Amino acid sequence: MSLFVNQPPDGVALRNGSPADASRAAVRLLVRGHVQGVGFRPYVFRLAQRFRLGGRVYNTVNGVVIELEGASEELIRFQERLVAEAPAAAIIDSLSRETAAPVGRSSFAIDPSDSSASPQVRVPPDLAICAECRRDILDPLNRRQAYPFTNCTACGPRYSILYAMPYDRPATAMHLFPMCAACDAEYHNPDDRRFHAQPNACAACGPRVGLWDREGRLIAGSPTALVAAAKVLRQGQVVALKGLGGFQLLVRADQSEPVGRLRQRKGRPSKPLAVMVASLEAAEEIAALTPLERRLLQSPQNPIVLVQKRNHSCDRFTAAENKANVAAPVAPRLSTVGLFLPTTPLHHLLLAALDLPLVATSGNLTEGPIITDEREAVRRLAGVADAFLVHDRPIVRGVDDSVVRRIAGQAVTIRLARGLAPLPLPAVEALARTKACPPLLATGGHQKNALAIWTGTQAILAQHVGDLDNPETRSTFNRVAHDLAGLYQFAPVGLACDLHPDYYTTQWAFAQNKPLTQVQHHHAHAVACMVENNLLDREVLALTWDGTGYGTDGTIWGGEILRVACTGFRR
Ligand SMILES: [Zn+2]
Ligand SMILES: [Zn+2]
């Protein structure tokens, strides 16, 4: 018996029992990068339909595989369009191609994810509401009008609702909300932009909002909760809102007195507060924006962007307060202010109802970790918030708002969190692969802590954790370390930490009883900078104008000029 009984003879491809015509061809494409949770597979499906190609798309251990078959010229057109028209949130690291033999496929399918195939697939970050979903929630004729959890393949929660990879609805907090018939039809319709949108939901089947008082009693349920919350805010009171990555404290930003109240209750006397505005136009009224800043504000990552205030003179407390502007106590004595646009439909609807800029700051007490659970929020923020705008979709992991700013014409990340984390580090991956580096966890420093991992296939920088002087932030650090191991299905063989013996992270690393590499503080900063600028293979002169760090001689070093390679340095 021939082993090749199902294969056509050499050089002869069969289609529907007839000899293949020479104009037919087949290819196999391998796509790597941020291609999950961004509507990439549905996009591939639609593109294949457009060019009448057969085949399938599926995830493998190495990335997304697309098998295609059809007319040669249509295959070429597909490949020309694939990268050019990819969803805005997709980032293609690499695309490789090999030719295959046509086997007579005429239909195209999305094959189920292979759950054993997750390690190389990127964990998707959360995405802010897209323009089309924004239109849906404001359209009186749309069935999602005013629905605060509207999303599609181009936008919505990802990382903050994810229990495990691969990213599919049963592995997210949305498993609690079975889709209604209308949502299910969208989910299965290749022509719908909610085709395979994992958090797809509507008012009939999805999460619901409610407004609670300080004791956690319901004041208003869906759909009146938003209007009631807007009223509370207009009166100058503080609302704790369950956002995408955790609770935020909101207060109107155009008047000094409410802002002062929030500062006093939160124990944050002078550090600047971020402001959420309804639209780019509203941002332009407050700040003079450059094209880069406009792009950052409108990006699906939706960071807080530090920008130049337009009317710095309004910083005088006597200046007339203007509802389109921000009051002086928002960012006292600073010429800059942190602005961002509505992250979710919930934010968007609230801002639209208010027509005022809102202070939006992390829902925590004096620099602790962001609160994610509504019952905990009521317990801990009762002295800060006058009301709680909550919902019944769990936040699986807390992620703060990201902060970026323009420095020398480039976007620089100040705080890497919601929308940006988890961040893949391709330069580190390339290096770790060539050195056959075993799986590793790097603990990060003590203040503004963040963890990084090398899983054996992926190098990932995780979200901002915070200041580890705070015992609660230490618990968060432990939780994130555990969470990363679960999400990326890896066990670190070794650890890397700072040299400083008093850092919580150093002590934690020693307690793990694993091979440990201690890295000098300024050297770590310099190498991080080399990673950002793709200079890992070079020797550089590094000016690390850091505060202080533990030196190799056991003394505290300050600003240092170092000659640095990634494996060592000279002072
Ligand atoms: Zn959308
Ligand atoms: Zn529904």
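Analysis parameters
Residues numbered from 1 in each chain as written. Chains lettered and ligands numbered in written order. Predicted model: local features only at pLDDT ≥ 70, side-chain atom pairs only at ≥ 80, totals over all residues. Heavy atoms only, no water. Helix = DSSP H or I, 4+ residues; strand = E, 2+ residues; numbered from the N terminus. Buried < 20%, exposed > 50% of the residue type's maximum accessible area, 1.4 Å probe, protein only. Contact = heavy atoms within 4.5 Å. Areas by Shrake-Rupley, 256 points an atom, 1.4 Å probe, with all protein chains shown as cover. Lys, Arg positive; Asp, Glu negative; His and termini not counted. Charge placed at Lys NZ, Arg CZ, Asp CG, Glu CD. 1 Å grid on protein atoms, 1.4 Å probe; cavity = no way out; pocket = protein on both sides within 12 Å on 5 of 7 lines; lining within 4 Å. Points joined across faces, edges and corners; volume = space filled by probe spheres on them. Nonpolar A, V, L, I, M, F, W, Y, C, P; charged D, E, K, R; others polar. Domains from an automatic or database assignment. Pairing = 2+ DSSP bridges. Axes fitted to C-alpha atoms, helices over the stretch in contact; angles between N-to-C directions. Parallel < 35°, antiparallel > 145°, perpendicular 65-115°, else oblique. Left-handed = near helix turned anticlockwise from the far one by under 90°. Donors = N, O, S within 2.8 Å, 3.2 Å for Na, K, Ca; no water. Tetrahedral: all angles 85-135°; square planar, octahedral: opposite > 155°, others 65-115°. Disulfide = S-S within 2.5 Å. Phe/Tyr/Trp six-rings, centres within 6.5 Å; stacked < 30°, edge-to-face > 60°. pLDDT = per-residue confidence, 0-100. Salt bridge = Lys/Arg side-chain N within 4 Å of Asp/Glu carboxyl O.

Participant: Could you clarify how one ought to interpret the overall build of the protein in this entry?
Facilitator: In terms of helices and strands, the protein carries 14 helices and 29 strands. Expressed as a percentage of its 571 residues, the buried residues of the protein come to 53%. Contacts in the protein between residues far apart in sequence, at least 24 positions, make up 67% of those at least 6 positions apart. Accessible area of the protein: about 25,300 Å², with a carbon and sulfur share of 53%. Of the side chains in the protein, 61 bear a positive and 53 a negative charge, and the two mean positions are spaced by 2 Å.

Participant: I would appreciate a short explanation of the layout of surface pockets in the present structure.
Facilitator: Taken as a whole, the second largest pocket spans an internal volume of roughly 670 Å³. Residue assignment for the lining of the second largest pocket shows that the elements contributing at least two residues are α1 (40-50), α3 (131-138), α7 (280-286) and α8 (291-298). Along the lines of polarity and charge, the residues of the lining of the second largest pocket split into 18 nonpolar, seven polar and seven charged. Counting contributing residues, the lining of the second largest pocket receives three or more from each of domain 1 (21-117) and domain 2 (211-391).

Participant: Would you mind showing me how to read unusual backbone geometry here?
Facilitator: Residues apart from glycine generally show negative phi values, whereas peptide bonds are mostly found in trans. Going from Ser222 to Pro223, the amide bond is cis rather than trans, its omega being 0°. If you trace the backbone, Pro223 turns up in the loop between β9 (218-221) and α5 (225-234). Between Ala421 and Pro422 the backbone carries a cis peptide bond, its omega angle lying at 0°. Mapped onto the fold, Pro422 is located in the loop between β18 (410-415) and β19 (423-424).

Participant: Which parts of the structure should I look at to understand the sheet that holds strand β28 (residues 560-565)?
Facilitator: Backbone hydrogen bonds are what pair the strands of a sheet, in a parallel or an antiparallel way. Spatial strand order, β25-β28-β29: three strands in an open sheet with antiparallel pairing. Bordering the open sheet on either side are β25 (540-544) and β29 (568-570), each of which pairs with just one other strand. Within the sheet, the average angular offset between the axes of one strand and its neighbour, ignoring direction, is 40°. Both β28 and β29 contribute to a ladder of three bridges, which runs antiparallel.

Participant: Which parts of the structure should I look at to understand α1?
Facilitator: Residues lying three or four places apart along an α-helix face the same way, a consequence of the helix completing one turn every 3.6 residues. Most of α1 is tucked away: eight of the eleven residues are buried. Listed in full, the buried residues belonging to α1 are Phe40, Arg41, Pro42, Tyr43, Val44, Phe45, Leu47 and Ala48.

Participant: Even after reading the chapter, I still don't get the packing of α5 against helix α9 (residues 345-354), so can you show me in this structure?
Facilitator: To characterise two packed helices, one gives the angle between the axes of the helices and the distance between these axes. Two elements in contact, α5 and α9, have axes whose closest approach is 9 Å; the angle formed by their N-to-C orientations is 55°. Between α5 and α9, the angle falls in the class oblique. Here the hand of the crossing between α5 and α9 comes out right-handed. Each of Leu226, Ala229, Ala230, Leu233 and Arg234 in α5 lies in contact with α9, whose residues at this interface are Leu346, Leu349, Leu350, Ala353 and Leu354. Across the contact of α5 with α9, the residue classes tally to nine nonpolar, no polar and one charged.

Participant: Explain the coordination of the zinc ion (ligand 2) here, please?
Facilitator: Four donors placed tetrahedrally around a metal ideally meet at 109.5 degrees, and six donors placed octahedrally ideally meet at 90 or 180 degrees. Only Cys180 (SG), Cys183 (SG), Cys202 (SG) and Cys205 (SG) from the protein coordinate the zinc ion (ligand 2), and they sit 2.3 Å from it. Around the zinc ion (ligand 2) sit four donor atoms, and with donor-metal-donor angles ranging over 103 to 117° the site reads as tetrahedral. Each donor residue of the zinc ion (ligand 2) belongs to the same chain, and together they define the spacing C-x2-C-x18-C-x2-C. Placement of Cys180 in the loop between α3 and α4 (181-187) and of Cys205 in the loop between α4 and β8 (209-212) is noted, with a sequence separation of 25 residues between them. Since its relative accessible area comes to 10%, Cys205 is described here as buried.

Participant: Explain the state of the cysteines here, please?
Facilitator: One covalent bond between the sulfur atoms of two cysteine residues makes up a disulfide. Inspection of every chain in the model, using the stated rule, returns zero disulfides. Of all cysteine sulfurs in the structure, the one in Cys437 sits closest to Cys497, which takes part in no disulfide; the separation is 15 Å. Judged by its relative accessible area of 4%, Cys497 is buried.

Participant: Honestly, the coordination of the zinc ion (ligand 1) in this entry has me stumped. Any pointers?
Facilitator: For the zinc ion (ligand 1), the full set of protein donor atoms is Cys130 (SG), Cys133 (SG), Cys152 (SG) and Cys155 (SG), and the range of their distances to it is 2.3 to 2.4 Å. Between the four donor atoms coordinating the zinc ion (ligand 1), the angles at the centre fall across 102 to 120°, so the site counts as tetrahedral. When the donors of the zinc ion (ligand 1) are listed by position in the chain, the intervening gaps give C-x2-C-x18-C-x2-C. With a gap of 22 residues between them, Cys133 in helix α3 and Cys155 in the loop between α3 and α4 connect regions that are remote in the sequence. The pair formed by Cys133 and Cys155 is uniform in burial state, with each residue classed as buried.

Participant: Explanation requested: the packing of aromatic side chains in the structure shown.
Facilitator: How two aromatic rings sit relative to each other is given by the distance of their centres and the angle of their planes. By the definition in use, this model includes seven aromatic pairs. Three or more aromatic residues joined by ring pairs make a cluster, and in this case those are Phe45, Phe108 and Phe195.

Participant: Explain the pairing of strand β11 (residues 247-252) here, please?
Facilitator: For a regular strand, side chains alternate in direction, first toward one face of the sheet and then toward the other. Of all six residues that make up β11, six are buried, and the element is covered over most of its length. Both faces of β11 are covered, namely the face carrying Phe247, Leu249 and Val251 and the face carrying Gln248, Leu250 and Arg252. Here strand β10 (residues 239-242) pairs with β11 via four bridges, running antiparallel. Counted as the bridge partner of Val239 is Leu250 from β11. Joining the antiparallel neighbours β10 and β11 is a turn of four residues, in which Gly246 adopts a positive phi near 155°.

Participant: What is the right way to read the domain arrangement of the protein from this model?
Facilitator: When the parts come together, some accessible area is lost, and that loss is often what is quoted as the size of the interface. According to the domain assignment, the protein contains domain 1 (21-117), domain 2 (211-391) and domain 3 (416-570). For domain 1 and domain 3, the distance between their C-alpha centroids amounts to 37 Å.

Participant: For this particular structure, what's the right way to read the confidence of the model for the protein?
Facilitator: Atomic detail in the predicted coordinates should be set aside for any region of low pLDDT. Scored by pLDDT, the protein comes out at a mean of 90, with 92% of its residues at no less than 70. Segment residues 1-20: pLDDT under 50, and eleven contacts once partners within four positions in sequence are set aside and those in other chains are kept. The low-confidence segment residues 314-319, where pLDDT is below 50, has twelve contacts with residues more than four positions distant or belonging to other chains.

Participant: Can you walk me through the pattern of salt bridges in this structure?
Facilitator: Under the counting rule described, the total for this entry stands at 31 salt bridges. The residue Arg50 makes a salt bridge to Glu85 at a minimum N-O spacing of 3.0 Å. Of this pair, Arg50 sits in helix α1 while Glu85 is found in the loop between α2 (72-84) and β6 (91-100), placing the two residues 35 residues apart along the sequence. The exposure class assigned to Arg50 is partly exposed, which follows from its relative accessible area of 43%. By relative accessible area, Glu85 is classed as partly exposed at 31%. Glu186 is the partner of Arg144 in a salt bridge, and the nearest nitrogen-oxygen pair spans 2.7 Å. In this pair, Arg144 is assigned in the loop between α3 and α4 and Glu186 in helix α4, connecting sequence segments 42 residues apart. Given a relative accessible area of 1%, Arg144 falls into the buried group.

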